[in-house]
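Below are the chains, spelled out letter by letter.
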Amino acid sequence: MSKISSVFQDLKDKNQKAFIPFITAGDGGMELTLELMHQLVDDGASIIELGVPFSDPMADGPVIAKSHERSVARGYGLANVLELVSKFRETNDTTPIVLMGYLNPIEMFGYEDFANAARSAGVDGVLVVDMPPEESQELKRILSNSEIDFIFLVAPTTTDERLKFLSQVASGFIYFVSLKGVTGAGNINVDEVASNLSRIRKYISLPVGVGFGIKDGKTAKEISAKSDAIIVGSVLVSIVDEFSNDKNKLMSQMKEKSLEISQVLR
Amino acid sequence: MMNQKDFKHYTLPDEKGHFGIFGGNFSSETLIDPIKRLEIEYEKCKNDKLFEQEFHYDLKHYVGRETPLYFAENLTNKIGGANLYFKREDLNHTGAHKVNNTIGQALVAKRMGKTRIIAETGAGQHGVATATIAARLGLKCVVYMGEVDVKRQALNVFRMKLLGAEVVSVTSGSKTLKDALNEAMRDWVTNVDDTFYIIGTVAGPHPYPMMVRDFQSVIGKETKKQFSEQFGGLPDALVACVGGGSNAIGLFHPFIEDTSVEMYGVEAAGLGLDTDKHSAPLNKGKPGVLHGNRTYVVCDQNGQIGETHSISAGLDYPGVGPEHSYLKDSGRAKYVAVDDHEALEAFHTLTRVEGILPALETSHAVAYAIKLAKEMGKGKSIVVNLSGRGDKDIDTVKNLMGNI
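This is a predicted model, so every value here is computed, not measured.

J.: Residue-level account of the interface of chain B and chain A, with values.
T.: In this assembly, 38 residues from chain B lie in contact with 42 residues from chain A. Of the roughly 2,900 Å² buried at the junction of chain B and chain A (both faces included), carbon and sulfur atoms supply 50%. The largest share of the area that chain B buries against chain A comes from B:E29, B:R186 and B:Q304, three residues that together contribute 23% of it. A salt bridge links B:K178 to A:D56, with the nearest nitrogen and oxygen atoms 2.9 Å apart. If you look at where chain B meets chain A, you find 21 residue pairs in polar contact (both at pLDDT 80 or more). Here the side of chain B that touches chain A gets seven residues from one element, more than from any other, and that element is helix α8 (residues 177-190) of chain B. Residues of the side of chain B that touches chain A, tallied by class, amount to 11 nonpolar, 17 polar and 10 charged.

Pasting the structure below:
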């Protein structure tokens, strides 16, 4: 069983839900990201999602898009993110790490080289926003040889037919995009999410996490009643931006927000 | 890679939108089903006589096709080499080839019941062509344009506004065409229920590269017929500028199976191919994935897309249509590059010698055709796609020349 699967199994046994925070690697510097990762674990993160900085983050809203720009401006790329994961693994061998990003950096790295490097760094899952399952056979094969989970998005527009197809390629968990839009967009409609989740469950037995538009403990609690994990990104990334000149404040705000979410999931 | 004789039956892309290893659909999940619906609708249109009639009616009576194939005798004599012929896409309504595609896609949008049109634009020609057709069909229109391009193509921005479009100045990333495309994608994913995205070039996810090519290939079909009627036989070479590559593929596609016809795509070398200030993915890039398809891209070793440069906003793009990547690797077409200086010189030459003021994008094709005419020599024939007129570039040229 993969590290990601066993985290979900443990939580299920305890009747709890997973808190999956997302931050963009290298935003504010790799040292800051490393420190944040450890703090997030202390504050209840079950899995950490790291954004791999990319120059053209098409599916992201302004908050996360700007964080990509800031990290890219520091010269960071996929190789730096893998280094970061290795460093994190020096003191944490249990919390699963998922890389979330775009395909071109992986194309340039080379699929085999990437899978090998990611495995030895200690990466557990990979989510490639602009690689639908139809185009993913080769990467899927290579990642599963390296025992890395290939995580896919499901959207409100995903048809039942595609859910069946996705169930054959996805592993680890499913990332349900709660709304039609970019990351950090608008307000989430809890009823609509609930009906989509029961539709997904008809076809897919993997744990389902919900992301896009979850900003506070209240929404997290409502959504978690129907899902297995809550994914929170933009609101955390905006803290990194807002308090970039005051690290103590940044760390304390991040702690406060993480606890607000993680506590309602226990 | 296919060998030369296979071009006798050229049927690409395959049903998943692949041109060899290039093309495909690399979109985020939210867009997969809407894109599939578009693909199904477009297949219906392709097999519908009524759609074809409507499309050609509009091209004839609204756009003013067919456009002339003009023998540039003065320029030919001045160069003293191969005969130069211009396919006058600059004479289309709105001033460039772009309108061929917006007419076609708007008809598809109408059939799908979409009420809102979005587009990205670099030079503003595609934006103007989209705003034009949206005005005519009474559709709401939003055009995304990089902040840098908004400044250097101010006239086209004003034209779009006159036509009733909202122009959104994009301030993310390098603030040029690629960022406008990112922003349009973000809009589309958010408003996918009522919105149709009219992509302006042969890029994006399948079926866009195929659909845009099909609409633009009216250029090559007319050229083939006109050349044979006016001058006999086939031309020896075709030349067109390549940014995303829609005017080039429009000219090339009907000639792919005629392997005696050489095809040259001309990229923008900007300040030079040896610098990092160019827009020449086919000359200096490598295969990667950008904006929904696998193709040659300008990027660094981390996979970060490069910030390109060209004197012409319409060529200032780090990717290229996937079919061009295929034609390059298979050897069917050659891709060369012309720098800012050479393009500007060709702009002046054509204006003075033929009284035709070409767009700066088009000037790249003209510059290479002049070189090629000398190399090929007398008795040979070269058709250049005169893809757009240069009125929009007058400010840029004026600023470069100082006060004259």
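J.: How would you sum up the nonpolar core? Please name residues and give values.
T.: The biggest cluster of nonpolar side chains holds 117 residues, and the ones touching the most others in it are A:F173, A:Y175, B:Y197 and B:L327. Excluding its chain neighbours within four sequence positions, the residues that come into contact with B:L327 are B:Y10, B:I249, B:I256, B:M263, B:R332, B:A333 and B:Y335. Judged by nonpolar contacts, the second largest core, of 71 residues, contains A:L84, A:I106, A:V193 and A:F243.

J.: Go over the sheet that holds strand β6 (residues 140-146) of chain B with me, naming the residues and quoting the values.
T.: All names here are of chain B. The strand order β7-β6-β5-β8 describes an open sheet built from four strands, whose pairing is parallel. Because the sheet does not close on itself, it has two edges, and the strands there are β7 (166-170) and β8 (195-197). Strand-to-strand twist in this sheet, taken as the mean axis angle between neighbours without regard to direction, amounts to 25°. Contacts from helix α5 (residues 125-137) reach β5 (116-121) and β6 within the one sheet, and its direction differs from that of β5 by about 165°.

J.: Give a detailed account of the packing of aromatic side chains, specifying residues and quantitative values.
T.: Any aromatic ring pair is given by two values, namely how distant the centres are and how the planes are angled relative to each other. Residue and element names in this part refer to chain A. Summed over the entire model, instances satisfying the criterion amount to 19 aromatic pairs over all chains. Judged by centre distance (6.0 Å) and plane angle (85°), the rings of Y175 and F212 are edge-to-face. With Y175 in strand β6 (residues 174-177) and F212 in the loop between β7 (208-211) and α10 (217-224), this residue pair connects regions lying 37 residues apart in the sequence. Each member of the pair, Y175 as well as F212, is classed as buried.

J.: Any details on the packing of α5(B) against helix α7 (residues 154-162) of chain B? Residues and values, ideally.
T.: A pair of packed helices is characterised by two quantities: the angle between their axes and the separation of those axes. Residues and elements named next belong to chain B. Axis separation between α5 and α7 bottoms out at 9 Å; the angle between their running directions is 10°. Classed by the angle they form, the pair α5 and α7 counts as roughly parallel. Of the residues in α7, those in contact with Q125, G127, V128 and A131 of α5 are N156, R159 and M160. Of the residues belonging to the contact of α5 with α7, the class tally is three nonpolar, three polar and one charged.

J.: Explain the sheet that holds strand β9 (residues 237-241) of chain B to me, and be specific about the residues and the numbers.
T.: Residues and elements named next belong to chain B. Read across the open sheet, the six strands follow the order β3-β4-β14-β9-β10-β13; overall the sheet is mixed. Looking at which strands have only one partner, the edges of the open sheet turn out to be β3 (69-71) and β13 (333-339). Averaged over all neighbouring strand pairs, the angle between strand axes comes to 25°, with direction disregarded. Taken together, the three bridges between β3 and strand β4 (residues 83-87) define a ladder with antiparallel strand orientation. Bridge assignment links F71 to a residue of β4, and that residue is Y85. Here helix α10 (residues 218-230) sits on the sheet in contact with β3, β4 and β14 (381-385), set at roughly 135° to β4. In this fold helix α13 (residues 322-329) packs onto β10 (262-270) and β13, with an angle of close to 110° to the strand it touches most, β13.

Reading the values: the criteria
- Residues numbered from 1 in each chain as written.
- Chains lettered and ligands numbered in written order.
- Predicted model: local features only at pLDDT ≥ 70, side-chain atom pairs only at ≥ 80, totals over all residues.
- Heavy atoms only, no water.
- Contact = heavy atoms within 4.5 Å.
- Buried area = accessible area lost by both parts, 1.4 Å probe.
- Salt bridge = Lys/Arg side-chain N within 4 Å of Asp/Glu carboxyl O.
- Polar contact = N/O pair within 3.5 Å; in protein donor to acceptor, adjacent residues only side chain to side chain.
- Helix = DSSP H or I, 4+ residues; strand = E, 2+ residues; numbered from the N terminus.
- Nonpolar A, V, L, I, M, F, W, Y, C, P; charged D, E, K, R; others polar.
- Core = buried A, V, L, I, M, F, W, Y, C linked by side-chain atoms within 4.5 Å.
- Buried < 20%, exposed > 50% of the residue type's maximum accessible area, 1.4 Å probe, protein only.
- Pairing = 2+ DSSP bridges.
- Axes fitted to C-alpha atoms, helices over the stretch in contact; angles between N-to-C directions.
- Phe/Tyr/Trp six-rings, centres within 6.5 Å; stacked < 30°, edge-to-face > 60°.
- Parallel < 35°, antiparallel > 145°, perpendicular 65-115°, else oblique.

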